Amino acid sequence: PAGRPGAVIHSAGLRVRDLCQRGHLHHEKRPCRCSGEADTHAVHTPEPHLPLCFSLDQVWAFGLNCSNCLGTGDSQSSILPKKLDVLCGKKVVSLSYGSGPHVLLASEDGELFAWGHNSYSQLGNGTTNQGVAPVLVSANLLNKRVTEVACGSHHSLALTDAGEVYAWGYNNCGQVGSGSTANQPTPRRVSNCLQNKVVVSITCGQTSSLAVVQNGEVYGWGYNGNGQLGLGNNGNQLTPCRLVGLQGLRVLQIASGYAHSLALTDEGLLYAWGANTYGQLGTGNKSNQLSPVQILTEKERIVEIAACHSTHTSAAKTQSGQVYMWGQCRGQSIVLPFLTLFSCTDDVFACFATPSVTWRLLSLEHDDFLTVAQSLKKEFDSPDTADLKFSVEGKYIHVHKAVLKIRCEHFRSMFQSHWNEDMKEVIEINQFPYPVYRAFLQFLYTDNVDLPPEDAIGLLDLATSYCEKRLKRLCQHTIKRGITVENAFSLLAAAVRYDAEDLEEFCFKFCVNRLTEVTQTAAFWQIEGNLLKQFICRASRCGAFKN
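Before going into details, it helps to say that this report is about the structure given with it. (Residues numbered from 1 in each chain as written. Predicted model: local features only at pLDDT ≥ 70, side-chain atom pairs only at ≥ 80, totals over all residues. Heavy atoms only, no water.)

This part covers the sheet that holds strand S12 (residues 155-160). Within the open sheet, the four strands sit side by side as S11-S12-S13-S14. Their pairing is antiparallel. Single-partner strands in this sheet number two, and they are strand S11 (146-151) and strand S14 (184-189). Along the sheet, successive strands turn relative to each other by an average axial angle of 15°, direction set aside. Examined bridge by bridge, S12 and strand S13 (residues 165-169) share five bridges and lie antiparallel to one another. Note on S13: the bridge partner recorded for Leu 159 is Val 165. (Pairing = 2+ DSSP bridges. Helix = DSSP H or I, 4+ residues; strand = E, 2+ residues; numbered from the N terminus. Axes fitted to C-alpha atoms, helices over the stretch in contact; angles between N-to-C directions.)

Structure (structure tokens):
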């Protein structure tokens, strides 16, 4: 968002999407172009701080530069993309963002880079100096391949391909898992209960840490004042502790909010625990839960859960693609999961979370796939694939017989009843002007009408002749949207002529409500006498001429 320090974007030809939600919210994702590069990829991290763009093998950053979070080597904010040479050629597999802000990035080669805020050594370089540019984090990670990173407010986690967890940074509540509350300046392996475990996933709350091991057990450590570790108490944990409340369940995914946690099992069951001030647990109340409780019990199988350490919002997606949200949403507290119109959980956080963020790194690549509707629209008036032409006012319109037969009863009869037209490659049309007939054929391919109101009158005539009821309704809607004082009486006359009662009533009321202006237009005095008399009589009965 403008004026805020952050949001990581991996730009790649995003399609514009109009997301409507209750409350008349419209959210759009638009294509972005960075430094003239059209073929880019976009990633979005869970904090509104740092726009990054990855274009081919190059990496660019722009936006506000709080605590050097852009990594450009200086403290200057920039509205123009700046190239980050040290990251060029690196394929990003994981990226996370703290509240400082500080940034962690893991590459496909297993390298770990860090930059930004470092007052608590959360960059893992052994100092508290700000990281003005991405630096390779190597302390205690030599010969280790990092596959996943996670950031809390001011602490950091890294997961290796061997299933080991390393932690460093701020440790006032034990979130580093070292057994003390001393800050950790460099990566240190989290052991104790995790010593002989293979960890497969990690996540951070603001000052807490969670990990899922290979057998589906969940371990937590750090701050637990709201029960976000799910241990049945609210005491902080300086070392990892297993969540006994999930015993017997195999957890596939965990997600941490600001001070609450979610877990998804292999059976598609959803559990929540921790802070519940905004209803983020989805239990129907605002009481904190010290142990995991199952929610969405009456819904179908859950396949994805979402939360972000900077928000009090939760989301989940079901097997059929339904997306639910709850918690703090646009300043309101939703205490039970609410079914949205979204198709992915990322849109919940982009539209309703405070701040507006996404909860994971995204790669939004260009998709060449076309739906059936998109393919039909693309092939309208295409000479390459058409098998029939209409000639109107000397201009050709290229169409497909099969589409016309499927979409229109008039053409179905024409091409199946041995009319003369069935044998022709070119059909002459003399009853209607070119813009009107082209709009009609385009409607059969797109379900849309794209004409000015005056031409829509002619299309209304065609729709009446061809008995196309839906097209008739769309024409009336188009005319209503384009009515003015100058054309109102002409549109009224057309509505009467084509027996469009709803449109006639609309135009009549428009004329009566603006009677003085309408009666001074040329259209009013050009109308034939009978219609003019009928209008005056009807307007009189409505009291239009009373003093």
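Read on for the rest.
In this section: helix H5 (residues 434-446). Here H5 contains 13 residues, and its C-alpha end-to-end distance of 18 Å stays within 8% of the 18 Å for a straight helix at 1.5 Å per residue. Of all the residues in H5, the buried ones are Tyr 434, Val 436, Tyr 437, Ala 439, Phe 440, Leu 441, Phe 443, Leu 444, Tyr 445 and Thr 446. Positive phi appears at Asp 447, one or two residues downstream of H5, with a value of about 70°. (Expected span 1.5 Å × (residues − 1). Buried < 20%, exposed > 50% of the residue type's maximum accessible area, 1.4 Å probe, protein only.)

Its place among the elements puts Ser 314 in strand S24 (residues 313-318). According to the relative accessible area criterion, Ser 314 is buried, its value standing at 0%. Among the polar contacts made by the side chain of Ser 314, one reaches the side chain of His 260 at a distance of 2.7 Å. When sequence neighbours within four positions are dropped, the list of residues in contact with Ser 314 reads His 260, Leu 262, Gln 280, Ala 306, Tyr 324, Met 325, Trp 326 and Phe 349. (Polar contact = N/O pair within 3.5 Å; in protein donor to acceptor, adjacent residues only side chain to side chain. Contact = heavy atoms within 4.5 Å.)

On to the sheet that holds strand S18 (residues 237-242), then. If you trace the four strands from one edge of the open sheet to the other, you get S15-S16-S17-S18, paired in antiparallel fashion. The open sheet has two free edges, formed respectively by strand S15 (199-204) and S18, since each of these has just one partner strand. In this sheet, adjacent strand axes meet at a mean angle of 15° when their direction is disregarded. With five bridges joining them, S15 and strand S16 (residues 208-213) adopt antiparallel strand pairing.

So, on to helix H4 (residues 409-416). Within H4, burial applies to Phe 411, Met 414 and Phe 415. Taken around the axis of H4, the buried residues stretch over an arc of 85°, which confines them to a single face. The secondary structure elements touched by the buried residues of H4 are strand S27 (388-392), helix H3 (401-407), strand S29 (426-429) and H5. Immediately downstream of H4, the backbone of His 418 shows phi near 60°, a positive value. (Arc of directions from axis to C-beta.)

Take the packing of helix H8 (residues 488-497) against helix H9 (residues 501-513) next. H9 packs onto H8 with a crossing angle of 155° between their chain directions and a minimal axis gap of 8 Å. Taken together, the axis directions place H8 and H9 in an arrangement best described as roughly antiparallel. At the point where H8 passes H9, the crossing takes the left-handed sense. For the pair formed by H8 and H9, the contact residues are Ala 488, Phe 489, Leu 491, Leu 492, Ala 495 and Val 496 on the first element and Leu 503, Glu 504, Cys 507, Phe 508, Phe 510 and Cys 511 on the second. Tallied by class, the residues present in the contact of H8 with H9 amount to eleven nonpolar, no polar and one charged. (Parallel < 35°, antiparallel > 145°, perpendicular 65-115°, else oblique. Left-handed = near helix turned anticlockwise from the far one by under 90°. Nonpolar A, V, L, I, M, F, W, Y, C, P; charged D, E, K, R; others polar.)

Evaluation of the coordinates by the stated rule reveals 18 salt bridges. Taking the shortest distance from any N to any O, the salt bridge between Lys 144 and Glu 164 comes out at 3.0 Å. Of the two residues, Lys 144 sits in the loop between strand S10 (131-136) and S11 while Glu 164 sits in the loop between S12 and S13, which places them 20 residues apart along the sequence. On the basis of relative accessibility, which here comes to 30%, the residue Lys 144 falls in the partly exposed class. (Salt bridge = Lys/Arg side-chain N within 4 Å of Asp/Glu carboxyl O.)

Next up on the list: the packing of H5 against helix H6 (residues 453-465). It is at 9 Å that the axes of H5 and H6 come closest, and there the two elements cross at 60°. Viewed along their axes, H5 and H6 adopt a mutual orientation that is oblique. Of the two possible hands of crossing, H5 and H6 adopt the one that is right-handed. Contact with H5, carried on its side by Pro 435, Val 436, Tyr 437, Ala 439 and Phe 440, involves Asp 455, Gly 458, Leu 459 and Leu 462 of H6 and no other residues of that element. For the contact of H5 with H6, the residue count by class is seven nonpolar, one polar and one charged.

Let us look at the pairing of strand S20 (residues 260-265). For S20, the buried fraction is high: six of the six residues fall into the buried class. Burial along S20 is two-sided: the face carrying His 260, Leu 262 and Leu 264 and the face carrying Ser 261, Ala 263 and Thr 265 are both buried. Pairing of strand S19 (residues 251-256) with S20 involves five bridges; the strand directions are antiparallel. Its bridge partner being in S20, Val 251 is matched across the sheet by Thr 265. In sequence, S19 turns back onto S20 through a hairpin of three residues. Where S20 lies against strand S21 (residues 270-274), five bridges are found, and the strand directions are antiparallel. Following the sheet pairing, Leu 264 is matched in S21 by Leu 270. Between S20 and S21, which pair antiparallel and follow one another directly, the connecting turn spans four residues, one of which, Gly 268, has a positive phi of 80°.

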